[in-house]
Amino acid sequence: MTTHLIELSLGPVQGFIAAARRSRDLWAGSHLLSECARAAGKALKDGGAALIYPVEDRVLNANDDENSNLSNVLLARLEGDATAAQALAAHAIAAARTYLRQAAKDALRDWQQAGVQLRDDLWARQVDDALEAFAAWCVVEDDYRRAYDNTKAALGARKNTRNFAPMFEPGHNLGFGVPKSSLDGVRESVLPKNRKRFPPKFGVAPGEQLDALGCIKRVVGRGERFTALTRLAADSWLQNLSKDDPRALASLRDAYAPLVGEGHATRSEGNAGCYGDFPFDAGMLYPERLEAAISEAREEGAPEALQALDALRGTLRPLWKQHGEPCPYAAIVVADGDRMGRFIDKASTAEQHSAVSRAIAAFADKVPAIAREHRGHCIFNGGEDLLVLFPLAGVVAGGRALAAAFDASMADVVHALLGDNPHPDDLPSLRVGAAICHVQEPLGLIRQYGDAAEKFAKGQAGSNGQGNALGIQLYVRAGHVVPWRARFDAPEDFTHLQAWCSRYADGSLPGKLAYAIRQAWLTGLAQGLDAEIVALEVKRAIEHASQRGGADGIDASVVAQLLERGKRWQTESDPTGYGALVDELVLARWLSARSSKDLGREDA
């Protein structure tokens, strides 16, 4: 009997995951695509195929609470001829579509039971068109590696010749004049016209439009499972309040809880209870959001909601005065493997491929706990491809922990495939991109920033030291981007960054120091001064700076460390290195922030 390799690809990732306005959209989209892959994987196994990836155990044992997602690409080996391979691939795709149709049916019932009549004419068409699925198969003769390469090539060719079926039959105008979805602007909205308010559990903002997939995302899973970005941003402020004034935190919880019943807040009880000290979205801890909600409740004539919001404002005002307003920034982390294609190419048998898949799965299963350890929440962990949300205080340590866990999980299979002395260019590693963004930025834009940070972490193509790095891009709301990148095998860079964070936190570095250095540096460059003279001007600016809250100057040893640190960042375009030093100091200031006042005027 002949043997065939079968490969499936499900998507599109953009429609399922990237199209999002809330953190729950991100989670629900990745969950839906993962469960489609799970259904396809089970169909392959039940049809007699042996799964190569994803790992069979992960396909058969779902763990929604830990977000053990599956990749959207599946590879299996079947003892059978080409006709059997084709039939099994079609059966697996049908199983994935059946799962999505059932999820859509359940979601539609939820909306209807809440009194919302969605547009049935558009709904069915969009559900049937939502999942793209491609398959390829190839006979395995005497060379597994050649069969694998041929299957990959065939799948790539199939994707390039995809079907472009019209959404509507010729002559129909069902979509004419219907607004597009607010998530990605691709498909028409299925929400009813002329309705301003929807049940709070769906999280539909005034004026927001959702297509069928967007409506399903607002129903999948339990609402409390998702952690709002505002809860992550406020985490350090809440942790500080818990330590300094636990009674005040208890009073704040009591004042916040009624907002859930009034539809102005949601609970955050997922992530293994990580945020149990304040199990709410924390959005109303920010004055601008609270005032907007109060105005809305007043306009709609909702006295109970208005009373609850006023009570919360009364509780918050003394806390804002004493502790400042919560920091309005959080981090989205996007990670991916380096040189994974080259490494997988070293696998010449199905058994070796399976070993690589098991190692990657073992790493992925560690990710939710690592995220929690650093107060973050894992959104997607399909393998070495990750999406995690972190508060500022946890993003650097969390990124390093993810990279260390990846190296540990891959160690045995790396040794098995590459031997005792592997070439550095063959070693797989993890690159971690972190975008620090204001919570009022649209989540779709924040997701794009995360992708850009991941590319920044990879480094320039063809350069030494590509990958195996943490790349952070701070998107200051004032309009500029602050970049910082360090390789995981260069711990001294992380040591210095942490030292600056600690000094900003204890006040031994003033908030304006980075900008004083930048002013001296730019002035020197504008005047055409020699690099040594510029260095003296920078030294003078540092020595004239005072510690925060007093007249004491910066300690002489710290001045020396700052000047020496500039040498680390010297490049041909910046012989002094002070431009990058300024970026490092600005980033450290943000990472150490607990409240908005710690950020200074640049946050305006």
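Higher on the page you've got the structure.
1. Focus on the packing of helix H9 (residues 235-244) against helix H13 (residues 303-323)
Thinking step 1. One way to put it is that H9 packs onto H13 with a least axis distance of 12 Å and a crossing angle of 95 degrees. One way to sum up the angle between H9 and H13 is to call them roughly perpendicular. Taken together, the residues of H13 that come into contact with H9 (itself represented by Trp237, Asn240, Leu241 and Asp244) are Leu316, Leu319, Trp320 and His323.
Thinking step 2. Of the residues in the contact of H9 with H13, the class split is five nonpolar, two polar and one charged.

2. Quick notes on the pairing of strand S1 (residues 3-11)
Thinking step 1. When you tally the buried positions in S1, you get nine out of nine residues, the bulk of the element.
Thinking step 2. In S1, alternate side chains face the same way, and those of Thr3, Leu5, Glu7, Ser9 and Gly11 on one face and His4, Ile6, Leu8 and Leu10 on the other are all buried.
Thinking step 3. As defined by bridge partners, S1 adjoins strand S3 (residues 73-79) across seven bridges and the pair is classed as antiparallel. What sits directly across from Ile6, in S3, is Ala76.

3. Structural notes on the packing of aromatic side chains
Thinking step 1. In the structure shown here, the tally under the stated rule is 11 aromatic pairs.
Thinking step 2. Arranged with centres 5.3 Å apart and planes meeting at 90 degrees, the rings of Phe363 and Phe406 form a pair that is edge-to-face. With Phe363 in helix H15 (residues 350-373) and Phe406 in helix H16 (residues 392-418), this residue pair connects regions lying 43 residues apart in the sequence. Just as Phe363 is buried, Phe406 falls in that class too.
Thinking step 3. Between Trp484 and Phe494, the aromatic rings sit 5.7 Å apart at their centres with planes inclined by 75 degrees, giving edge-to-face as the arrangement. In this pair, Trp484 sits in strand S10 (residues 481-487) while Phe494 sits in helix H18 (residues 491-506), placing the two residues 10 residues apart along the sequence. We note that Trp484, like Phe494, is buried.
Thinking step 4. Linked through ring pairs, Trp111, Phe198 and Phe202 together constitute an aromatic cluster.
Thinking step 5. The ring of Trp569 carries the charged tip of Arg568 above its face, separated from the ring centre by 4.1 Å.

4. Quick look at the nonpolar core
Thinking step 1. Counting 111 residues, the largest nonpolar core has Leu8, Leu10, Trp111, Trp123, Leu252 and Leu285 as the members making the most contacts within it.
Thinking step 2. With 13 residues, helix H4 (residues 82-113) is the single largest residue contributor to this core.
Thinking step 3. When residues no more than four places from it in sequence are discounted, the contact partners of Leu8 are Ala40, Leu44, Asn72, Val73, Leu74, Ala89, Ala92, Ile93, Phe134 and Ala135.
Thinking step 4. Counting residues in each nonpolar core, the second largest holds 88 residues, with Val413, Phe494, Tyr504 and Ala593 among its members.

5. Describing the sheet that holds strand S9 (residues 469-475)
Thinking step 1. The strand order across the open sheet formed by six strands is S6-S7-S5-S8-S9-S10, and the pairing between neighbours is mixed. In this open sheet, the two edge strands, each paired with only one partner strand, are strand S6 (377-381) and S10. Across this sheet, the average inter-strand angle for adjacent strands is 15 degrees, counted without regard to direction.
Thinking step 2. Across the sheet, helix H17 (residues 443-458) lies against strand S5 (329-338), strand S7 (386-390), strand S8 (429-438), S9 and S10, angled at about 140 degrees from S8, the strand it touches most.

6. So, a nonpolar patch on the surface
Thinking step 1. A cluster of nonpolar side chains, Leu529, Ile533 and Leu536, forms an exposed patch at the surface whose accessible area comes to about 250 Å².
Thinking step 2. Here Ile533 is to be found in helix H20 (residues 531-544).

7. What to know about the sheet that holds strand S4 (residues 132-140)
Sheets are built from strands paired through backbone hydrogen bonds, the pairs being either parallel or antiparallel.
Thinking step 1. Taken together, four strands build an open sheet; the order of strands is S2-S3-S1-S4 and the sheet is antiparallel. The open sheet has two edge strands, strand S2 (50-53) and S4, and neither has a second partner. The mean angle between the axes of side-by-side strands here comes to 25 degrees, regardless of whether they run parallel or antiparallel.
Thinking step 2. Here helix H6 (residues 144-160) sits on the sheet and contacts S1, S2, S3 and S4; the angle it forms with S4, its principal contact strand, is near 150 degrees.

8. Details of the state of the cysteines
Thinking step 1. Scanning the entire structure with this criterion turns up zero disulfides.
Thinking step 2. Residue Cys36 stays outside any disulfide, its sulfur separated by 17 Å from that of Cys215, the closest cysteine.

Quick notes on the rules
Just so you know, the residues in each chain are numbered from 1, in the order the chain's sequence is written. Residues qualify for local features only when their pLDDT is at least 70, as the model is predicted, and side-chain atom pairs are given and counted only at 80 or more; totals for whole chains, interfaces and linings, by contrast, use all residues. Where side-chain values are given, they derive from all heavy atoms of the structure, hydrogens and water being excluded. Angles here are taken between N-to-C directions and fall from 0 to 180 degrees, while the axes themselves are lines fitted to C-alpha atoms, restricted in helices to the stretch in contact. Helix and strand assignments follow DSSP, with helices taken as H or I runs no shorter than four residues and strands as E runs no shorter than two, numbered in order from the N terminus. Here roughly perpendicular refers to angles of 65 to 115 degrees, roughly parallel to angles under 35, roughly antiparallel to angles over 145, and oblique to all remaining angles. Any two residues whose heavy atoms approach within 4.5 Å are treated as being in contact. Each residue is assigned to one of three groups, with Ala, Val, Leu, Ile, Met, Phe, Trp, Tyr, Cys and Pro labelled nonpolar, Asp, Glu, Lys and Arg labelled charged, and all others, Gly among them, labelled polar. The buried label applies to any residue whose accessible area, calculated with a 1.4 Å probe on protein chains only, is under 20% of its type's maximum; exposed applies above 50%, and partly exposed to all values in between. Here the rule is simple: two strands pair whenever DSSP picks up at least two bridges between them. Stacked, edge-to-face and tilted are the three classes for Phe, Tyr and Trp ring pairs, Trp counted by its six-membered ring, which pair at centre distances within 6.5 Å; planes under 30 degrees apart are stacked, over 60 edge-to-face, the rest tilted. The rule is short: NZ of Lys or CZ of Arg within 6 Å of the ring centre and within 35 degrees of the ring normal puts a charge over the ring. As used in this record, nonpolar core signifies buried Ala, Val, Leu, Ile, Met, Phe, Trp, Tyr and Cys residues forming a set joined through side-chain atoms within 4.5 Å. Like-charged residues are merged into a patch within 9 Å and nonpolar side chains (Val, Leu, Ile, Met, Phe, Trp, Tyr) within 5 Å, provided each residue has over 30% relative accessible area and no salt bridge. Using the Shrake-Rupley algorithm and a 1.4 Å probe, accessible areas are obtained, with residue cover drawn only from the displayed protein chains. Only one rule defines a salt bridge in this text: a Lys or Arg side-chain nitrogen within 4 Å of an Asp or Glu carboxyl oxygen. A pair of sulfur atoms, both from cysteines and within 2.5 Å, is called a disulfide here.

Geometry only, nothing functional implied.
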